[in-house]
Amino acid sequence: MDFNLTEEQKMLQETVRRYLKDKIAPRADEWDRKGPMTKEEAHGFLKDLKPFGYVGTLVPEEHGGMGLSHIDWAILHEELRGVYAGLGGMVGITSSTSHGISESGNEHLIGRTLPGLLSGDKIACTAITEPNVGSDVSTVQTRAVLDGDHYVLNGTKTWISNGTIADCVSVVATLDPSKGAEAICQVLVEREESPFVAREIKKMGVRSFPTAELAFEDCRVPKENLLRAPGKGFKMALRGLTFARCNAAIAAVGISQAAIDASIQYARERTQFGKPIAKFQLIQEMIADMIAETEAARLLSYRAFFVLDQGGMGRKEGSLAKAYATEAAVRVTSKAVQIHGAYGLSEEYPVERYFRDARMYTIPDGTTEIQKLVVAREVLGMSAFV
Ligand SMILES: Cc1cc2nc3c(=O)[nH]c(=O)nc-3n(C[C@H](O)[C@H](O)[C@H](O)COP(=O)(O)OP(=O)(O)OC[C@H]3O[C@@H](n4cnc5c(N)ncnc54)[C@H](O)[C@@H]3O)c2cc1C
């Protein structure tokens, strides 16, 4: 078993680490305090990060993407999320939605929508959750009705990452709410041609990453924007969720590592009782526990991405990684705050941001409870959901 990165992957990691340290890290706290980024700011970030492979990472080269592997994605995102999780979220959602379009889109969507997304000129998002539909994705109520050459969408989506700044939204809707999962489809809504209303939701962590409620009212979408037909719509939404879970896991690993690095530096510099607090065994225990949990989370996360690279479904691996890594990140960042004492609670040090950001990740793409039920279902062959 080889745990080493290839030479190319090491180079990718070093290059991106250097760039993020020089250009992004110095202003990450300031940007986070400012709140949700504007569309213009998001475009700027996408263009700056594009040369490193952040835009269209998994989209094959024949569709104009980077054609990188899931492990490459993990390397890119572990680095970015540790420096500035809010930015990583915006970039990750745009890039993964582009991948979905490349995988399932017809020629019209690939030719018309992908180029703007891959150049960093457009921002994307995926909308599943509704005010009354959270963990149980099969019950979406947003309705798509075919009317001549258009689908007419009616419904409300909520907690949609990138919602206020997105140019296109992959909307999970139902053609017939009485038919459950088999009537679920996905429609790509392009905002300029099919306007909808977006309202920002203020939240505790990843503050610069916009989150929104989207209202679709008689929103007419050309019928060639059907991204995934009924039958495929639900299955592909679940597949997309598996990838999103791996992504949340690697985000948690990046944040945890950043919290460890900050804690090591602080523990060496801060003196009490005439010596650096790093010399106290209870501080050392916290550091050792933080490292153990983060390294375990990293291994679970990379294994999940590896399974996806091998063409596996990765349901068990993705859910295991997400549940463990995100809960571990809450514990790790909380210890980082503890090591910093009162300063850990102040905005003068980044660990309060890491703590708030880490707390966000146990909820989206399926809560920890849902991940555990998925893992148990995969090994027991019995589902708690039906
Ligand atoms: C930062 C952030 C970004 C997000 N981005 C997006 C996005 O881009 N697109 C999108 O569509 N959605 C997004 N979401 C929504 C997210 O996916 C949902 O919040 C999540 O699936 C949980 O749904 P819910 O919040 O409605 O909780 P609920 O489903 O109402 O759950 C409430 C509680 O009940 C528990 N619970 C529910 N069912 C069970 C069960 N069967 N057994 C045991 N416990 C159970 C849950 O674990 C939880 O503790 C985002 C959420 C957040 C916080």
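A quick note: this is a predicted structure, and the numbers were derived from the prediction, not measured.

Cut-off values and rules
Numbers given to residues run from 1 along each chain, matching the order in which its sequence is written. Where totals are concerned, whole chains, interfaces and linings use all residues; where local detail is concerned, this predicted model gives features only for residues with pLDDT of at least 70, and gives and counts side-chain atom pairs only at 80 or more. Note on conventions: DSSP H or I runs of at least 4 residues are helices, E runs of at least 2 residues are strands, and numbering of each starts at the N terminus. Burial in this document is a count-based property: other C-beta atoms within 10 Å of a residue's C-beta are tallied, and the residue is buried at 20 or more, exposed at 12 or fewer, or partly exposed in between, with C-beta positions derived from the backbone. Any residue pair is listed as a contact if its two C-beta atoms, each placed from the backbone, are within 7 Å. Nearness between a residue and a molecule or strand is assessed with a C-beta atom placed from the backbone; a distance within 6 Å qualifies. Residues are sorted three ways: Asp, Glu, Lys and Arg are charged, Ala, Val, Leu, Ile, Met, Phe, Trp, Tyr, Cys and Pro are nonpolar, and all the rest, Gly among them, are polar. All domain edges in this entry derive from an automatic or database-based domain assignment. We call a set of buried Ala, Val, Leu, Ile, Met, Phe, Trp, Tyr and Cys residues a nonpolar core when their C-beta atoms link them within 7 Å. By the convention used here, strands pair only if DSSP detects at least 2 bridges between them. Angles shown run from 0 to 180 degrees and are taken between the N-to-C directions of axes, each axis being a line fitted to C-alpha atoms and, for helices, limited to the stretch in contact. If an angle is under 35 degrees, it is roughly parallel; if it is over 145, roughly antiparallel; if it lies from 65 to 115, roughly perpendicular; otherwise it is oblique. Here the expected span of a helix is defined as 1.5 Å times the quantity of residues minus one. Throughout, a crossing is termed right-handed when the near helix is turned clockwise from the far one, and left-handed when it is turned anticlockwise from it by less than a right angle.

Participant: Got a minute to help me understand the overall build of the protein in this structure?
Facilitator: Helix and strand counts for the protein stand at 10 helices and 10 strands. Principal-axis analysis of the C-alpha atoms places the extent of the protein at approximately 80 × 45 × 40 Å. Buried residues in the protein amount to 51% of all 386 residues. Sequence-distant contacts, at least 24 apart, represent 75% of the contacts inside the protein between residues at least 6 apart.

Participant: What am I meant to see in the site of the ligand here?
Facilitator: The ligand sits among 21 residues. The nearest are I128, G134, S135, T367 and E369. Contributing elements (two or more residues each) for the shell around the ligand: β1 (124-127), β3 (150-161) and α10 (368-380). Tallied by class, residues from the shell around the ligand come to 11 nonpolar, 8 polar and 2 charged. Each of domain 2 (124-228) and domain 3 (234-380) gives at least three residues to the shell around the ligand.

Participant: Is there a simple way to think about the nonpolar core in this case?
Facilitator: One broad trend across soluble globular proteins is that nonpolar side chains are buried collectively. Counting residues in hydrophobic clusters, the biggest one holds 108 residues, and the most contacted among them are L153, V187, V189, A249, A252, I255 and A325. When residues in this core are grouped by element, the largest group, 18 residues, is from helix α6 (residues 232-269). If sequence neighbours within four positions are ignored, I255 has contacts with R81, G82, A85, A329, T333, Y354, D357 and A358.

Participant: For this particular structure, what's the right way to read the domain arrangement of the protein?
Facilitator: Think of interface size as the accessible area that goes away when the parts come together; that is how it is often given. What the domain assignment lists for the protein is domain 1 (7-118), domain 2 (124-228) and domain 3 (234-380). Centre-to-centre, using C-alpha coordinates, domain 1 lies 21 Å away from domain 3. Contacts between the two partners involve 20 residues from domain 1 and, on the opposite side, 22 residues from domain 3. Counting residues per element, the ones that place at least two in the side of domain 1 that touches domain 3 are α1 (7-34) and α3 (70-104). Among the elements that line the side of domain 1 that touches domain 3, the one with the most residues is α3, at 16 residues. Partitioning the side of domain 1 that touches domain 3 into residue classes produces 5 nonpolar, 9 polar and 6 charged.

Participant: Help me understand unusual backbone geometry, please; the structure alone is not making it clear to me.
Facilitator: Outside of glycine, negative phi angles account for most residues, and trans bonds account for most peptide bonds. A positive phi angle, close to 50°, is found at F273, a residue other than glycine. By the secondary structure assignment, F273 is in the loop between β9 (271-272) and β10 (275-276). A positive phi angle is found at D365, which is not glycine, with a value near 60°. What makes D365 buried here is the crowd of 24 C-beta atoms within 10 Å.

Participant: When you look at helix α9 (residues 351-360) in this model, what are you seeing that I'm missing?
Facilitator: For an α-helix the count is 3.6 residues per turn, leaving residues at separations of three or four pointing the same way. Burial of α9 is extensive: 7 of the 10 residues sit out of reach of the surface. Every buried residue of α9 is listed here: V351, R353, Y354, F355, D357, A358 and M360. Against the buried residues of α9 lie α1, α3, α6 and α8 (315-339).

Participant: I'm lost on the pairing of strand β7 (residues 211-222) in this one. Help?
Facilitator: The side chains of a regular strand alternate between both faces of the sheet. Judged from the 9 bridges that link them, β3 and β7 form a sheet pairing that is antiparallel. If you follow Y151 over to β7, its bridge partner there is V221. In terms of strand pairing, strand β6 (residues 197-200) meets β7 through 4 bridges, oriented antiparallel. Among the inter-strand pairings, R199 is bridged to a residue of β7, identified as E213.

Participant: Help me understand the pairing of β3, please; the structure alone is not making it clear to me.
Facilitator: As judged from the 5 bridges shared by strand β2 (residues 143-147) and β3, these two strands associate in the antiparallel manner. What sits directly across from V145, in β3, is V152.

Participant: Whenever I open this one, the packing of helix α2 (residues 39-49) against α3 confuses me. Can you help?
Facilitator: Any two packed helices are characterised by the angle at which their axes cross and by the distance between the axes. Viewed as axis vectors pointing N to C, α2 and α3 meet at an angle of 75°, and their least axial separation amounts to 11 Å. Comparing their axes, α3 and α2 come out roughly perpendicular. Residues A42, F45, L46 and L49 of α2 pack against L87, M90, V91 and T94 of α3.

Participant: Teacher, can you tell me more about the environment of V206 here?
Facilitator: Tracing the backbone shows V206 in the loop between β6 and β7. Note on V206: 29 C-beta atoms within 10 Å, which makes it buried. It is 19 Å that separates the C-alpha atoms of V206 and D261, two residues lying 55 residues apart in sequence. Leaving out residues up to four positions away in the same chain, V206 has contacts with A85, G86, G89, D357 and M360.

Participant: Explain α8 here, please?
Facilitator: Helix length check: α8, at 25 residues, gives a terminal C-alpha distance of 36 Å against a target of 36 Å (1.5 Å per residue), a fit within 8%. Backbone geometry just downstream of α8 places G341 in the positive-phi region, at approximately 55°.

Participant: I tried to follow the environment of K157 on my own but got confused; where do I start?
Facilitator: Mapped onto the secondary structure, K157 falls in strand β3. Sequence spacing of K157 and A173 is 16 residues, and the spatial spacing of their C-alpha atoms is 9.9 Å. Once residues lying within four places of it in the same chain are set aside, the contact partners of K157 are A127, T129, E130, T142, V171, E213 and L214.

Participant: Explain the packing of α6 against α8 to me, please; I cannot follow it from the model alone.
Facilitator: Where α6 meets α8, the axes come as close as 8 Å, and the angle between the chain directions of the two elements is 25°. On the basis of the axis angle, α6 is roughly parallel to α8. In the packing of α6 onto α8, the handedness of the crossing is left-handed. Of the residues in the contact of α6 with α8, the class split is 18 nonpolar, 7 polar and 3 charged.

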